[in-house]
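Residue strings, one per chain:
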Amino acid sequence: MAAITIEGVSKRFGAAMALEQLDLTVADGEFVALLGPSGCGKTTLLRIIAGLETRSSGRVLIGDRDVSDLPPAQRGLAMVFQNYAVFPHLTVFENVAFGLRMQKRDEATIDRQVKRAADLLQIGPYLDRYPAKLSGGQRQRVAVARALAVEPAVLLMDEPLSNLDALLRLEMRAELKSVLKEAGTTTLYVTHDQTEAMGLADRIAVMHKGVIEQIDEPTRIYSKPSSLFVGGFVGSPPMNFLNLVASGGSLACDGFSMPLTHQGPVLLGFRGEDVALVEASRGVGFEVKVIEPMGSHLLLTGVVNGERIRVVAPPQADIARGMTIGLQLDAARVVVMDTQTGKAL
Amino acid sequence: MPTSRWLPYLLIAPASVFLAVFFAVPLVQTIVLSFDGGPAGLWGNYQRMLGDLNFNVSLRNTFMLVLTVVPLQMMLAIGMGLMLQKMQRGREVVLWIWTIPLGVSDLAAGLVWLAILQNTGYLNTFLFHLGVIDGPTAWLNSETPMTLFIAVVVAEIWRSTAVVLVIIVAGLQLIPKEFGEAADIFGASAWQKLTRVTLPMLKPSLQSALILRTVLAFEVFAAVYAIGGRNIPVLVGEAYVWQRENQNYSVAAAYAVLIMVISLAATAVYLRLLRQKPEAQA
Ligand SMILES: Nc1ncnc2c1ncn2[C@@H]1O[C@H](COP(=O)(O)OP(=O)(O)OP(=O)(O)O)[C@@H](O)[C@H]1O
Ligand SMILES: [Mg+2]
């Protein structure tokens, strides 16, 4: 039983607020990815949960134990540091064994768990080496193995795969997911990589300027962002937004209308792949400016009413630069945001 | 291009010449002088040195001082360095105060402690007022070798721990804080963190500090002389006596060479004992 509960945690560095009244719950055995731009407070949050940083206010609970004022060792968690912190004076084996040795486990257990973690992260061949003789990606995997070896109930990971090549990252990701699910490890996983967050997480928490903007299942984060920021941050290309005005109980534009009780200016958000491309007369007029062939699809950049929009077309679509085509929106797949607050209505 | 090939040598030439003139030449001269035993032959000066009444006792005193002072100093400096590391505020001020003795010459330091510890010194005045002693008590003469030795140890530690401290503080600052944090997370106690993470990562600094301090400690003299005169003979003191009072430069040179050999041997031992596998470096 090791859920993480964060209640109203704030962190001030001098005058700057790094975290503001942040609430977050990670259920027992759940995998939550923390996604957000650089400097939004992800590492700070992890360090406060781990007990490495003091908080300015709020509480941290692990299971139903208030650990807010406990030293790191007594919180019963493991962590992968953003800059690895692999001990240079110890071999890879001893690095991975470090936590187990501190727990005074017997040699046979240490040997078994170290080998297991090392196999999982494919660092078995380097066990006798010192970290100075490893590449950055290999060192990073040592850091992950060190955390997995102690079989923690709670695991905090700060961009643990950021230094691996795309293929290895894909492989490690799948391995991590299955191992952590099997062990029922409660995991909070910081990443910059959206596809990683999408693929790994039970839920994604999108963080922005010290607050969590939205926490939800990956598909909902993607298709139903709760704010302008989430829509613009998640997905590549990001969500498109059109400035419209709602009146008379509905929101309408060329070839599209949906009921809406809100009155006044709103933003209509939609994903580039959620539109049907039709004749110009039957939808929203879209003037194609740039065509980028991406292999699996074409990425079209153009303008609608002077606003920049990106949509996705099938790879064989017969589209040329300068053409105006129609975009047909699906009322079930759009989001409407308040122009003022940037929040979903 | 020829100029670029010779340029490095040209650039180190002034330093090399300086070292040769002021270091290598006197060194060679001293060594030559020490083996110039006249009628007594090559080892004549060394035989006189070994036969000297004070030789054994000065050798023993020097070693005892080094073996007492240096380990105490290292432990003190590590403790002080770790304390500084923990301080949130005022670290600079405390470090500055702790390093004041660095600016005091060893003779002056010896005189300071003499003023404290002599018959009518501050310590006796203080103890007298407390009622512990009934009058001036001698701590520093030949009848009280133990307190004399302790006084010299205290003075030496006060005077020269700061050098070790500065090296250790610099070394500690080079260790990224994440290493200690990782140790915390994985359940290391304060002692385990010190012995398994901090000290191993501090090894290069410890090695420098040990070599520097040991070599200097073998040359201990002025503070000892100020506090104990010749009641506590040490090697450099004997060299001084042979040079100044006996006007025998050759035996003084033999002492100097002996001190150098001991220092070099100590350095070699440290380099070997504290050797770090090159691949284990950060
Ligand atoms: N020790 C500190 N002192 C002062 N400010 C700090 C400190 N640590 C972090 N900050 C500030 O707090 C904010 C959040 O930092 P944090 O390291 O948590 O960001 P992050 O989300 O992990 O970013 P990245 O993705 O680049 O790692 C930043 O604006 C940073 O400048
Ligand atoms: Mg970070």
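Residues numbered from 1 in each chain as written. Chains lettered and ligands numbered in written order. Predicted model: local features only at pLDDT ≥ 70, side-chain atom pairs only at ≥ 80, totals over all residues. Heavy atoms only, no water.

**Some details on the pairing of strand E16 (residues 284–293) of chain A**
All names here are of chain A.
And then number 1: Bridge count between E16 and strand E19 (residues 324–328): four bridges; the pairing is antiparallel. Residue pairing for E19: Val284 is matched across the bridge by Leu327.
And then number 2: Between E16 and strand E17 (residues 298–304), which pair antiparallel in sequence order, lie four residues; one of them, Gly295, sits at a positive phi of approximately 95°. (Pairing = 2+ DSSP bridges. Helix = DSSP H or I, 4+ residues; strand = E, 2+ residues; numbered from the N terminus.)

**Structural notes on the site of ligand 1**
Residues and elements named next belong to chain A.
And then number 1: All residues in the neighbourhood of ligand 1 are listed as Phe13, Ala18, Ser38, Gly39, Cys40, Gly41, Lys42, Thr43, Thr44, Gln82, Glu159 and His192.
And then number 2: Contacts to ligand 1 include Ser38, whose side-chain N or O atom sits 2.5 Å from an oxygen atom.
And then number 3: His192 is positioned such that a nitrogen or oxygen atom in its side chain is 3.0 Å from an oxygen atom of ligand 1.
And then number 4: Among the elements that make up the shell around ligand 1, the one with the highest residue count is helix H1 (residues 42–50) (three residues).
And then number 5: Of the residues contributing to the shell around ligand 1, the split by class is three nonpolar, seven polar and two charged. (Near = heavy atom within 4 Å. Polar contact = N/O pair within 3.5 Å; in protein donor to acceptor, adjacent residues only side chain to side chain. Nonpolar A, V, L, I, M, F, W, Y, C, P; charged D, E, K, R; others polar.)

**Comments concerning the interface of chain A and chain B**
And then number 1: The interface is formed by 26 residues belonging to chain A together with 21 residues belonging to chain B.
And then number 2: Both sides together, the interface formed by chain A and chain B hides about 2,100 Å², and carbon and sulfur atoms give 70% of it.
And then number 3: Taken together, chain A and chain B are joined by one salt bridge.
And then number 4: Between A:Arg47 and B:Glu181 there is a salt bridge, and its shortest N-O distance comes to 2.7 Å.
And then number 5: Remark: the boundary between chain A and chain B carries two residue pairs in polar contact (both at pLDDT 80 or more).
And then number 6: Put simply, the parts of the chain that give the side of chain A that touches chain B at least two residues each are H1, strand E6 (77–80), helix H2 (92–102) and helix H4 (136–149) of chain A.
And then number 7: If one sorts the elements of the side of chain A that touches chain B by residue count, H2(A) sits on top with four residues.
And then number 8: The residue inventory of the side of chain A that touches chain B, partitioned by class, reads 18 nonpolar, three polar and five charged. (Contact = heavy atoms within 4.5 Å. Buried area = accessible area lost by both parts, 1.4 Å probe. Salt bridge = Lys/Arg side-chain N within 4 Å of Asp/Glu carboxyl O.)

**Let's talk about the side chain of B:Glu238**
And then number 1: Tracing the sequence through the fold places B:Glu238 in helix H11 (residues 235–244).
And then number 2: Setting aside its immediate chain neighbours within four residues, B:Glu238 contacts B:Asp52, B:Asn54, B:Ser58, B:Arg230, B:Pro233 and B:Tyr255.

**A closer look at the coordination of the magnesium ion (ligand 2)**
And then number 1: Summarising the metal site, the magnesium ion (ligand 2) is bound by the protein donors A:Thr43 (OG1) and A:Gln82 (OE1), whose distances to it range over 1.9 to 2.3 Å. On the criterion of sequence distance, the pair formed by A:Thr43 in helix H1 and A:Gln82 in the loop between E6 and H2 is long-range, its members being 39 residues apart. (Donors = N, O, S within 2.8 Å, 3.2 Å for Na, K, Ca; no water.)

**Quick notes on the packing of H11(B) against helix H12 (residues 249–273) of chain B**
Residues and elements named next belong to chain B.
And then number 1: The geometry of H11 relative to H12 is characterised by a closest axis approach of 7 Å and an angle of 160° between their N-to-C directions. Relative to H12, the element H11 lies roughly antiparallel. In this structure, H11 crosses over H12, and the sense of that crossing is left-handed. Contacts between H11 and H12 pair Leu235, Val236, Glu238, Ala239, Trp242 and Gln243 from the former with Tyr249, Val251, Ala252, Tyr255, Leu258, Ile259 and Ile262 from the latter. (Axes fitted to C-alpha atoms, helices over the stretch in contact; angles between N-to-C directions. Parallel < 35°, antiparallel > 145°, perpendicular 65-115°, else oblique. Left-handed = near helix turned anticlockwise from the far one by under 90°.)

**Re the domain arrangement of chain B**
Residues and elements named next belong to chain B.
And then number 1: When the domains of chain B are assigned, the result is domain 1 (28–54 + 236–274) and domain 2 (67–232).
And then number 2: On a C-alpha basis, the centroid separation for the pair domain 1 and domain 2 is 29 Å.
And then number 3: The partner domain 2 presents 13 residues to the 15 residues of domain 1 that form the contact.
And then number 4: Summed over both partners, the interface of domain 1 with domain 2 buries about 1,300 Å², with 69% contributed by carbon and sulfur atoms.
And then number 5: Contact with domain 2 buries area across many residues of domain 1, yet Val236, Tyr270 and Leu274 alone supply 42% of it, more than any other trio. (Domains from an automatic or database assignment.)

**A look at the pattern of salt bridges**
All names here are of chain A.
And then number 1: Under the defined criterion, the tally for this structure stands at 21 salt bridges over all chains.
And then number 2: As a salt-bridge pair, Glu53 and Arg47 come within 3.2 Å of each other at their nearest N and O atoms.
And then number 3: With its nearest N and O atoms 3.3 Å apart, the salt bridge here joins Arg220 to Asp216.
And then number 4: What makes Arg220 partly exposed here is its relative accessible area of 41%.
And then number 5: Look at the salt bridges and you will find they share partners, linking Glu7, Arg59 and Asp66 into a network. (Buried < 20%, exposed > 50% of the residue type's maximum accessible area, 1.4 Å probe, protein only.)

**Some words on the environment of A:Ala166**
And then number 1: Mapped onto the elements, A:Ala166 comes out in helix H5 (residues 166–183).
And then number 2: Classification of A:Ala166 by relative accessible area gives exposed; the value is 62%.

**Topic: the sheet that holds strand E11 (residues 240–246) of chain A**
Residue and element names in this part refer to chain A.
And then number 1: Across the sheet, which stays open at both edges, the three strands sit in the order E11-E14-E20 with antiparallel pairing between neighbours. Single-partner strands in this sheet number two, and they are E11 and strand E20 (334–338). Pairwise comparison of adjacent strand axes, ignoring direction, gives a mean angle of 30° for this sheet.
And then number 2: Two strands pair when backbone bridges link them, and strand E14 (residues 264–270) and E20 are joined in this way by five bridges, in the antiparallel orientation. Counterpart to Val266 in the pairing with E20 is Asp338.

**What to know about a nonpolar patch on the surface**
And then number 1: A cluster of nonpolar side chains, B:Val17, B:Phe18, B:Leu19, B:Val21, B:Phe22, B:Phe23 and B:Leu27, forms an exposed patch at the surface whose accessible area comes to about 720 Å².
And then number 2: Tracing the backbone shows B:Val17 in helix H1 (residues 2–34). (Patch = residues over 30% accessible without salt bridge, like charges linked within 9 Å, V, L, I, M, F, W, Y side chains within 5 Å. Areas by Shrake-Rupley, 256 points an atom, 1.4 Å probe, with all protein chains shown as cover.)

**Looking at the packing of aromatic side chains**
And then number 1: Applying the stated criterion across every chain, the model contains 15 aromatic pairs over all chains.
And then number 2: Seen from their ring centres, B:Phe18 and B:Phe22 are 5.0 Å apart, and the 45° between their planes marks the pair as tilted. On the criterion of helical spacing, the pair formed by B:Phe18 and B:Phe22 is a turn pair, its members being four residues apart in helix H1. Residue B:Phe18 shares its accessibility class with B:Phe22, and that shared class is exposed.
And then number 3: Note on B:Tyr225 and B:Tyr240: the rings are 5.9 Å apart at their centroids and 70° apart in plane angle, and the pair reads as edge-to-face. On the criterion of sequence distance, the pair formed by B:Tyr225 in helix H10 (residues 222–228) and B:Tyr240 in helix H11 is long-range, its members being 15 residues apart.
And then number 4: Judged by relative accessible area, B:Tyr225 falls into the partly exposed class, the value being 32%.
And then number 5: By relative accessible area, B:Tyr240 is classed as partly exposed at 34%.
And then number 6: Among the aromatic residues, those joined into a ring-pair cluster are A:Phe87, A:Phe98 and B:Phe179.
And then number 7: Positioned above the aromatic ring of A:Phe87 is the side chain of A:Arg146, whose terminal nitrogen or guanidinium carbon lies 5.1 Å from the ring centre.
And then number 8: Its guanidinium or amino end placed over the ring of A:Tyr222, A:Arg271 lies 3.9 Å from that ring's centre, counting from NZ or CZ. (Phe/Tyr/Trp six-rings, centres within 6.5 Å; stacked < 30°, edge-to-face > 60°. Lys NZ or Arg CZ within 6 Å of the ring centre and 35° of its normal.)

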